Amino acid sequence: NILFQANGVQKASISSAGLLTSTTIDATVLTGALPAVPTFHSSGDTQAITTATSTKKTLTSPTIDTDSGFDDTNNRYTPNTAGTYLVTAVACYNAPSDATACNTYISKNDTAVAGTEVSNANGSNNITTVTSVLVAMNGSSDYVDMFVYHAHGSNRNILTGNARTYLQAVRVST
């Protein structure tokens, strides 16, 4: 349970089941539907990435796409609602060699807006990069996509799965 107190007096709690209990909060303000917020999440299949080549990550049909903005032909997300989006790209690189740089970056309208580079200290481990950025989107033609890069010396795989490699976006303000 999470307890909320003021001056040592419990005012509210949230149970492990997610139930909010309160003695001071007007429950009428807590009822009703939350406003619709455009949200997108798509992972991808395992993909071989050529060494020293920036490559667009191929994404699969999204598990979440509340705004119907995913373009599976171009592997990108074009939200249909204007606003500022928190965009996150995560990529898991299959065991690149020692000191190999692995980069994952987010592109808006074909221009990189954020990136992360991680170097492997032990060639037997996978590397996961996480890149997040706030991106203003116009709700009609602006789009984001995900690119990956490594300098292993030969092709390496980007590993699959919702928890390993994905692109996601959620609108955080109008």
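In case you missed it, the structure is sitting above this.
Residues numbered from 1 in each chain as written. Predicted model: local features only at pLDDT ≥ 70, side-chain atom pairs only at ≥ 80, totals over all residues. Heavy atoms only, no water.

Novice: Quick question: what am I supposed to make of the overall build of the protein chain here?
Specialist: From N to C terminus, the protein chain includes zero helices and 16 strands. Burial status across the protein chain gives 38% buried among its 174 residues. For the protein chain, the share of sequence-separated contacts (at least 6 apart) that also reach a separation of at least 24 residues comes to 65%. Surface exposure of the protein chain reaches about 9100 Å², of which carbon and sulfur atoms provide 51%. (Helix = DSSP H or I, 4+ residues; strand = E, 2+ residues; numbered from the N terminus. Buried < 20%, exposed > 50% of the residue type's maximum accessible area, 1.4 Å probe, protein only. Contact = heavy atoms within 4.5 Å. Areas by Shrake-Rupley, 256 points an atom, 1.4 Å probe, with all protein chains shown as cover.)

Novice: Is there a simple way to explain the packing of aromatic side chains in this structure?
Specialist: Each aromatic ring pair is described using two quantities: the centre-to-centre distance and the angle formed by the ring planes. Summed over all chains, the structure comprises four aromatic pairs. Ring centres of Tyr77 and Tyr85 lie 6.3 Å apart, and the angle between their planes is 70°; on these two criteria the pair is classed as edge-to-face. The same class applies to Tyr77 and to Tyr85, which are both buried. On the numbers, 5.4 Å between centres and 10° between planes, the contact of Tyr105 with Phe147 is stacked. Placement of the pair is Tyr105 in strand β11 (residues 101-108) and Phe147 in strand β14 (residues 144-150), with a sequence separation of 42 residues. (Phe/Tyr/Trp six-rings, centres within 6.5 Å; stacked < 30°, edge-to-face > 60°.)

Novice: Quick question: what am I supposed to make of unusual backbone geometry here?
Specialist: Trans is the common state for peptide bonds, and a negative phi is the common state for residues other than glycine. Phi angles above zero are rare outside glycine, and Asn75 is one such case at about 50°. Considering the arrangement of structural elements, one finds Asn75 in the loop between β8 (70-71) and β9 (76-77). The phi torsion at Asp110 lies on the positive side, around 70°, for a residue other than glycine. Following the sequence through the fold, Asp110 ends up in the loop between β11 and β12 (111-119). Accessibility expressed as a relative area gives 55% for Asp110, which makes it exposed.

Novice: Looking at this structure, how should I read the nonpolar core?
Specialist: Inside soluble globular proteins, nonpolar side chains tend to come together where they are buried. Ranked by size, the top nonpolar core spans 23 residues in total, and within it Val87, Tyr93, Val144, Val148 and Leu167 carry the most contacts. Those elements that provide at least two residues to this core are β10 (83-93), β11, β13 (127-137), β14 and β16 (166-173). Sorting elements by how many residues they give to this core places β10 first, with five residues. With near-sequence residues (within four places) excluded, Leu167 lies in contact with Phe40, His41, Ser42, Leu59, Val87, Thr88, Ala89, Val144, Asp145 and Met146. (Core = buried A, V, L, I, M, F, W, Y, C linked by side-chain atoms within 4.5 Å.)

Novice: Would you mind showing me how to read the environment of Gly161 here?
Specialist: Here Gly161 lies in the loop between β15 (156-158) and β16. Residue Gly161 is classed as partly exposed on the basis of its relative accessible area, which comes to 22%. For the pair Gly161 and Asp45, spaced 116 residues apart in the sequence, the C-alpha separation amounts to 7.2 Å. If near-sequence neighbours (up to four positions away) are discounted, Gly161 is found in contact with Ser43 and Gly44.

Novice: Sorry if this is basic, but what is going on with the side chain of Thr129 here?
Specialist: Secondary-structure assignment places Thr129 in strand β13. Setting aside anything within four residues of it in sequence, one finds Thr129 in contact with Ala89, Val90, Ala91, Tyr93, Cys102, Thr104, Thr116 and Val118.

Novice: What's the story with the environment of Thr51 in this structure? I'm lost.
Specialist: Of note, Thr51 is situated in the loop between β5 (47-49) and β6 (55-56). We classify Thr51 as partly exposed; its relative accessible area is 22%. On a C-alpha basis, the gap between Thr51 and His152 in space is 5.9 Å, while along the polypeptide they are 101 residues apart. The contact partners of Thr51, leaving out residues within four places of it in the chain, are His150, Ala151, His152, Gly153, Ser154 and Asn155. Here His152 takes part through its backbone nitrogen, which lies 3.4 Å from a polar atom of the side chain of Thr51. For Thr51, the side chain forms a polar contact with the main-chain nitrogen of Gly153, separated by 2.9 Å. (Polar contact = N/O pair within 3.5 Å; in protein donor to acceptor, adjacent residues only side chain to side chain.)

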